[in-house]
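A look at the structure
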Amino acid sequence: MASILDEYEDSQNMRHPVQQHNRLSASNIGITHSGFVNVRLEEEKPIFNKQRIDFSPPEKINHLTVCNNQLCMSLGKDTLLRIDLGKPDQPNQVELGRKDEAKVHKLFLDHTGSHLVICLSTSECLYLNRNTQKVRSLSRWKGHLIDSVAWNRLLGTEASTGPILVGTSLGLIFEAEISTSEGSLFNTNPDQYFRQVHAVEEEDGQPAPVCCLEVERGMDSKYFIVATTRKRLFQFVGKLPEGSEQQGFSSIFAQNQELLPSFQEFPVNMGYSEIVFYTPKLRSCAKDFAWMMGNGVLYGQLDYSRLDSLLSNVQGWDYTPDIDLSSNKPLSIVLTQFHFLLLLRDRVKAICTLNGQVVHEDVFPDKFGSLKRMIKDPAGGLVWIYTECAVFRYHIQREARDVWQMYTSMNRFDLAKEYCRDRPECMDIVLAKEAEHCFQNKRYLESAKCYALTQNYFEEIALKFIEAKEEEALKEFLLKKLGNLKSAERTQITLLVTWLTELYLNRLGRLESSGAESAILQEARQEFRGFLSSSKHKECFYNNRSTIYDLLASHGNVDDMVYFSVIMQDYERVISQHCQHDDYGAALEVLSKHCDQKLFYKFSPVLMQHIPGKVVDAWIQMGKRLDAKKLIPALMNYSQTGSAQQINESIRYMEFCVYQLAVKDEAIHNYLLSLYAKYKPDSLLLYLDQAGTHQSEIHYDLKYALRLCAEHGYLQACVLVYRIMELYEEAVDLALQVDVDLAKSCADLPEDDEELRKKLWLKIARHVVQEEKDVKKAMNCLSSCNLLKIEDILPFFPDFVTIDHFKEAICSSLEEYNQHIDGLKQEMEEATESAKRIREDIQEMRNKYGVVESQEKCAVCDFPLLNHPFYLFLCGHMFHYDCLRQEVTPHLSTYRQAKLEELQKKLAATVQPARSRPRPKEDDTVSLGAGQPSREQIKSDIDDIIAAECVFCGDLMIRSIDKPFIDPQKYEEEKSSWL
């Protein structure tokens, strides 16, 4: 019992060899050749795979139901077995506790698998909840033999069923509700209420049992109730106010039913009928239905939007000859997505709802007994079949695998493609069939779109459209085929792109020659340009642009050639086309838009000839992105023979380069000079003045500028150039031909060379005296230059000039001499006084002394000062000789440190006689040898180095303020000493 659902017999041993798989193949439906080769590596599993459950019931199985993975079966007379299919090793057995002869008539399990209604043959009903072991009686249901229950999928929960409908064997429909709560003190039954809402009419003079009941909710709170008897199908529809669903369905039965037929009746009666619904997993409402009754099976779809009937696209399936209503009646029916399964006494038939054909038939061995009933679990999709001693289940695997073939044979290609999305070989067959169908019906464009998605031979399809003279369809086919190619298939892409270009051009040519409407022609041209500008195939167009250009040229399509050139960024060709058609404005617009410097250099000469003003505006807009030097040829070509406008525009651009862009290229400045010299002489001097006065500031060629100015006779400009070249004599000589004041300004320029400056002023004075013969101006020269004296210019005057003209100048000169002599005397007196004060200071220093007490200590080592040689400074600081030397040495330069070390060695080398009495003072001053300084001199040199200033008060301390207290090179050593 523990492995009741885990182990099962091999389905291959149990499957009867009689099985039909009436499958369609490509050859059956006339599909053309496909490029796919369908190789199956293993045998495909059947759609309906039967498995026998390894379970031997201790008693006969009376009834079985499954829902939401909860299986309940009635065994023998008084036993109920419950199994949670999620935990099949934990079955639960419940005893009904009946002592009479009552048998289980039917079991009804709700959609949650929580509520089980057990209908007994004695017209009694019991209730068992999934969470309890206690079987409770439904007292209000007593006296009615229940044949059907319609559960409430909207309001039903594990604790309560909500309002439900119950059908009896006498044709009565009741509304009821079951709850697991104990109720009030006076009402402990689980059935909350049980009231009749409808009664169906009798059939053949006998009560008509309600075989099946179903409730579905549509849009806008509309409810549909379907009830079936042995020969009739009833439909009830009505609305329940929002929020009133808990009040039940009685109002629906009471509402007007005029819009819907009261029932549908069929003549044959086999004693019962059964209706089943199919609900997709992702939907809450049923989609399809199938009704098994005496005449056959009625199946179709449910349409909740219709008013006349809930049933839509209804079809009938007649029973096959082997189904005999007298001896081999169908016992049960199950509906799947594309099939309904009929249960007979010894076999199961699967019929496809698309074409009504039997696609599967499974015969059961006689050893298991006759089949009793078939149930489908909506939650898991498994189909269960049982006999009195065995249980079987069907796995439905990939039910839609062959649906595409059926839809294809029915020419319902959209649905066929929907069911073979993940099977490219099947999709190819469907598309080929659809394309052929559209072609035969002369829907050529649709056919082309489908053919482009297939793997059929490209040549055959292309020839097919060519023979039919359908160029538009051929173009559509090529476009779709091109869109499906991978980027690596370059040869195919090139072929299709070239072919399509030719087709587009042919079409444009036909439209133009036939005088088609401008709107149609414009639309065709826009389509062609959209093709040319396709980003996906830009690389192909670029690599084959010469071929495309040839095609466009062969058709004389200049506009599209220009457009294509723009797309290919072949702006040189675009501009050339514009220039050839004298559209210089458009050419310049392309240049300005794309800012290609090389193209500016190439086409500027042509454009400058026709639209100089706009060209210069474009150059100025480009700014520094253009090299002005490379534009000079375009300017010079027309500045010589061109119009005044061209010349003015040339000057305008050169001025922009010089003044706005601050271009320093010599060629630019030289060319601007030449333009000024030839056409705007007034601007020449202004330019020379602004260019600078020093050669390092000048960006033009001075010699070229000088020659240019000289050729055109611009003497003042030549003077400015001479000044910059520092040729002051030539500048003064040339300036004297223009203006004396200009010459004077040139004469003062050599400030550092007084001799030259004097010489230049003498030239000016000679010119004034000899050429202009103006004595007053000559005298003014004396006042303008302090280097000239009256005696310097006297030789320039003629002999007839009287002294009256020079009286003031001579007197002024004598006064200056006297003042100079007085100044020298004063300087001599001040020097004598300074020498006297210095001698007095020296005498005073010789007599200066300081007092050192015996307890005085060294300012560095803090030891008594008198124990060692020491220094006493005017500031009061006293140091031992050795201490001062150690303090001063680190602050000395490398050279002075070496000098001090050398002096100390020399001092140590001198040897004093060891005598008790001191030697005469003269001994210290005796030379230590030929060319060697005396001992006293060495000490004096050492004092000059280490005792030049106090180490605490002098400049040495100030200079060392930014130095660290510890030498960086000795920092680590000092740091480790503290650890």
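**Remarks on the overall build of the protein**
Regarding its fold elements, the protein presents 35 helices and 31 strands. A buried classification covers 45% of the 979 residues belonging to the protein. Put simply, of all contacts in the protein between residues at least 6 apart along the chain, 52% involve residues at least 24 apart. Summed over all atoms, the accessible surface of the protein reaches about 53200 Å², with 49% contributed by carbon and sulfur.

**Considering helix 22 (residues 702–711)**
The set of residues buried in helix 22 consists of L702, A705, L706, L708 and C709. The arc that holds every buried residue of helix 22, seen down its axis, measures 165°, which confines them to one face. Residues of helix 22 that are exposed and angled more than 90 degrees away from the buried face: K703 and E711. Those residues of helix 22 that are buried are in contact with helix 20 (666–679), helix 21 (681–691) and helix 23 (715–724). Looking at where helix 22 begins, the residue whose side-chain oxygen comes 3.2 Å from the main-chain nitrogen of K703 is D701. Looking at the residues trailing helix 22, positive phi occurs at G713, about 75°.

**A closer look at a nonpolar patch on the surface**
The grouping of V860, F952 and M957 at the surface amounts to a nonpolar patch, some 220 Å² of accessible area in total. Here M957 is to be found in helix 34 (residues 955–959). Owing to a relative accessible area of 37%, M957 belongs among the partly exposed residues under this scheme.

**Describing the sheet that holds strand 20 (residues 288–293)**
The antiparallel open sheet is built from four strands, whose spatial order is 19-20-21-22. With one partner strand each, in any of the chains shown, strand 19 (274–278) and strand 22 (311–318) form the two edges of the open sheet. Within this sheet the neighbouring strands show an average axis-to-axis angle of 20°, counted without direction.

**Details of the state of the cysteines**
Applying the stated criterion across every chain yields a total of zero disulfides. Here C125 is not cross-linked by a disulfide; its sulfur's nearest cysteine counterpart is in C119, at 4.3 Å. In this model C211 remains outside any disulfide bridge; the closest cysteine sulfur is found in C212, 6.3 Å from its own.

**So, the nonpolar core**
Counting 74 residues, the largest nonpolar core has L607, W619, Y653, L688 and Y700 as its most contacted members. The residues touching L688, leaving out its near neighbours within four places in the chain, are L673, Y700, A717, L720 and V721. Listed in part, the 41 residues of the second largest apolar core include F439, L508, I567 and M568.

**Focus: the pairing of strand 25 (residues 347–352)**
If a strand is regular, its side chains alternate between the two faces of the sheet. Where burial is concerned, most of strand 25 is hidden: five out of the six residues are buried. If you look at the hairpin formed by strand 24 (residues 339–343) and strand 25, you'll find three residues sitting between the two strands. Adjacent in sequence and paired antiparallel, strand 25 and strand 26 (residues 358–363) are bridged by five residues, among which G356 carries a positive phi angle near 70°.

**Here we look at the confidence of the model for the protein**
Counting all residues, the mean pLDDT for the protein is 81, and 85% of those residues have values of 70 or more. Confidence scores differ between elements of the protein, with strand 1 (residues 8–9) showing the lowest mean pLDDT of 36 and strand 12 (residues 164–168) the highest of 95. Below pLDDT 50 for its whole length, residues 1–33 participates in 75 contacts with residues either more than four positions away or in separate chains. For residues 912–928, every residue scores under 50 in pLDDT, and the model assigns this stretch 17 contacts once sequence neighbours within four places are set aside.

**A closer look at the environment of L742**
Note on placement: L742 falls in helix 25 (residues 740–747). Separated by 22 residues in the primary sequence, L742 and L720 have C-alpha atoms spaced 9.7 Å apart. If near-sequence neighbours (up to four positions away) are discounted, L742 is found in contact with Q716, V719, R723 and A735.

**Focus on the pattern of salt bridges**
Tallying each qualifying case throughout the model produces 38 salt bridges. Residue D322 is joined to K349 by a salt bridge in which the shortest nitrogen-to-oxygen separation is 3.0 Å. Taken as a pair, D322 in the loop between strand 22 and strand 23 (332–335) and K349 in strand 25 lie far apart in primary sequence, 27 residues in all. With its nearest N and O atoms 3.8 Å apart, the salt bridge here joins E901 to K905. Of this pair, E901 and K905 both sit in helix 31 (residues 894–909), four residues apart, which is roughly one turn of the helix. A single salt-bridge network, built from bridges that share partners, covers D322, D346, R347, K349 and E361.

**Brief notes about the sheet that holds strand 7 (residues 104–109)**
Taken in spatial order, the four strands of this open sheet run 7-8-9-10, and their pairing is antiparallel. Single-partner strands in this sheet number two, and they are strand 7 and strand 10 (136–137). Bridge count for strand 8 (residues 115–120) against strand 9 (residues 125–129) is five bridges, and the pairing is antiparallel. Along strand 9, the bridge assignment pairs C119 with C125.

The rules behind each value
- Residues numbered from 1 in each chain as written.
- Predicted model: local features only at pLDDT ≥ 70, side-chain atom pairs only at ≥ 80, totals over all residues.
- Heavy atoms only, no water.
- Helix = DSSP H or I, 4+ residues; strand = E, 2+ residues; numbered from the N terminus.
- Buried < 20%, exposed > 50% of the residue type's maximum accessible area, 1.4 Å probe, protein only.
- Contact = heavy atoms within 4.5 Å.
- Areas by Shrake-Rupley, 256 points an atom, 1.4 Å probe, with all protein chains shown as cover.
- Arc of directions from axis to C-beta.
- Polar contact = N/O pair within 3.5 Å; in protein donor to acceptor, adjacent residues only side chain to side chain.
- Patch = residues over 30% accessible without salt bridge, like charges linked within 9 Å, V, L, I, M, F, W, Y side chains within 5 Å.
- Salt bridge = Lys/Arg side-chain N within 4 Å of Asp/Glu carboxyl O.
- Pairing = 2+ DSSP bridges.
- Axes fitted to C-alpha atoms, helices over the stretch in contact; angles between N-to-C directions.
- Disulfide = S-S within 2.5 Å.
- Core = buried A, V, L, I, M, F, W, Y, C linked by side-chain atoms within 4.5 Å.
- pLDDT = per-residue confidence, 0-100.

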